[in-house]
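# Secondary and tertiary structure notes
So you can see what is in the structure, the chains are spelled out below.
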Amino acid sequence: MKSRPQWIPVLVLLLVPILTACGMDRFGANGWSGLTIEADTLYVASGEGRLVALDISGDADDDRNYPPVIWGPFPPSEGKERFGYEEDLFGAVYAAPSFGTFEADGVTGSPTVYVATYEDSDDDNFVANLAAVDATTGFKNWATSIPGRIVGSPTQVGNTLVLGTSDGFLYALALEATERSVPRAAWRSFEADGKIWSAATASNGILYFGTLEHTVYAVNAADGKPVWNGEIKVGGAVVGSPLVIGETVYVGALDRKIYALDAATGKRKWEFQGDNWFWASLATDGTNIYAATLGGTVYAIDLGGNEVWVTPQKVSGPIVATPVVLSNTLIVATDEKQVHQLSLSDGREVWKTSVGERIRADMVSQGERVYVIDIEGGVHALNTERRIKVWTYDSLK
């Protein structure tokens, strides 16, 4: 009799929050939402749907042990209308907020943070599942309903904002400096063959994304038309965002493999076999690719699909968050509450710290600092050069 695959219980545990959020518990998204950095501002979207901007230009405030709050959390607990928010505008957030600016009609739009939620736009309790927030003040610019639930972050390409849904559609909105209360559709929605859980990756005007039906797509960002002839299939569901380097698209899948596809045609160049499912998106330093699995294994492979490290590095537990590449180290966070710092040259662990809660959202970095949000909404700043935790901020308070 065959033994039960080791990844099954791990996957079940990881899917519980998503399945719960689809039902009655709207707070199930905690830990899957994320962070965005622009200049010296850290934008935090908590799973319960609150947005806050933190000043990370210096160390934490001496009196509070966390950085100064620029604005937020929004929507505020009281006086929502004053800031342009309706009651419960935001629902459960699984995606990191996106930052963007644009130019249209000879006018430069204000810096904007885009927040997408997993709430169904047909639910009477929520008036919108996509909002544009002024990055400087936190005031709402506009909000609109997109059919379906949104898991991945919005992607901005020029004046076009693109996002995929769990209904399997890719939508595009035209960002315009006009008096419109909400943006118009940039082009007719693109229908994929299954759920889209990750953000589309934009490269040279092309959007690359995958579905849970084992398909990878390339779509023209200008008109929404497919670039490749036919559907490009891989061996498993694609959860993470594709990685594009030069003329090649790299995707990890839930069949334990990484695939290298020709960016122009989708033709398969090579595939790499791992020890477990590749849920997290791939990371790169431009020379090598760093990939992490639900089995807690981290690989370094070159652009030809060959392993760089003598042996892969095993860390404390399943890896859902995308690794972060710094100057000479790799940061990996696990579902076992640990953050590991590995040497890029050989995978050797040089530092490890606990943040006290599980980590599932993607991290962000600036200089030698890495910012992590855990499943309880705690945001942690880690200095990887000094190898210390600098501060912690509770985004749910």
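Please refer to the structure placed before this passage.
Below is a summary of the structure that appears in this document. (Residues numbered from 1 in each chain as written. Predicted model: local features only at pLDDT ≥ 70, side-chain atom pairs only at ≥ 80, totals over all residues. Heavy atoms only, no water.)

## Digging into the sheet that holds strand E21 (residues 257-262)
On the basis of which strands lie adjacent, the open sheet formed by four strands has the order E19-E20-E21-E22 and antiparallel pairing. Among the strands making up the open sheet, the edge pair consists of strand E19 (243-245) and strand E22 (268-273). Pairs of neighbouring strands in the sheet enclose a mean axial angle of 20°, with direction left out of account. When E21 meets E22, the two strands line up antiparallel, connected through five bridges. Note that in E22 the partner of Tyr259 across the bridge is Glu271. (Pairing = 2+ DSSP bridges. Helix = DSSP H or I, 4+ residues; strand = E, 2+ residues; numbered from the N terminus. Axes fitted to C-alpha atoms, helices over the stretch in contact; angles between N-to-C directions.)

## Here we look at the nonpolar core
Counting residues in hydrophobic clusters, the biggest one holds 17 residues, and the most contacted among them are Leu35, Leu42, Val44, Tyr371, Val379 and Trp391. Residue assignment for this core shows that the elements contributing at least two residues are strand E1 (35-38), strand E2 (41-45), strand E3 (51-55), strand E32 (369-373), strand E33 (378-383) and strand E34 (388-394). Among the elements that line this core, the one with the most residues is E34, at three residues. Leave out the neighbours within four places in its chain, and Tyr371 touches Leu35, Ile37, Leu42, Ile56, Met363, Val364, Gln366, His380, Ala381 and Trp391. One finds Ile206, Tyr208, Val216 and Leu261 within the second-largest nonpolar core, a separate group that totals 15 residues. (Core = buried A, V, L, I, M, F, W, Y, C linked by side-chain atoms within 4.5 Å. Buried < 20%, exposed > 50% of the residue type's maximum accessible area, 1.4 Å probe, protein only. Contact = heavy atoms within 4.5 Å.)

## Observations regarding the pairing of E21
Counting buried positions along E21 yields five of six residues, so the element is predominantly enclosed. Across five bridges, strand E20 (residues 248-252) lies against E21 in antiparallel orientation. Of the residues in E21, the one forming a bridge with Tyr250 is Ala260. Adjacent in sequence and paired antiparallel, E20 and E21 are bridged by four residues, among which Arg256 carries a positive phi angle near 75°. With antiparallel pairing between neighbouring strands as the criterion, E21 and E22 make up a hairpin whose turn holds five residues, including Gly266 at a positive phi of roughly 85°.

## Things to note about the pattern of salt bridges
This model, assessed by the stated rule, comprises eight salt bridges. With a closest N to O distance of 3.8 Å, Asp275 and Lys314 form a salt bridge. Of the two residues, Asp275 sits in the loop between E22 and strand E23 (283-284) while Lys314 sits in strand E26 (residues 313-314), which places them 39 residues apart along the sequence. One network of salt bridges, with partners in common, ties together Asp335, Glu336, Arg358 and Arg360. (Salt bridge = Lys/Arg side-chain N within 4 Å of Asp/Glu carboxyl O.)

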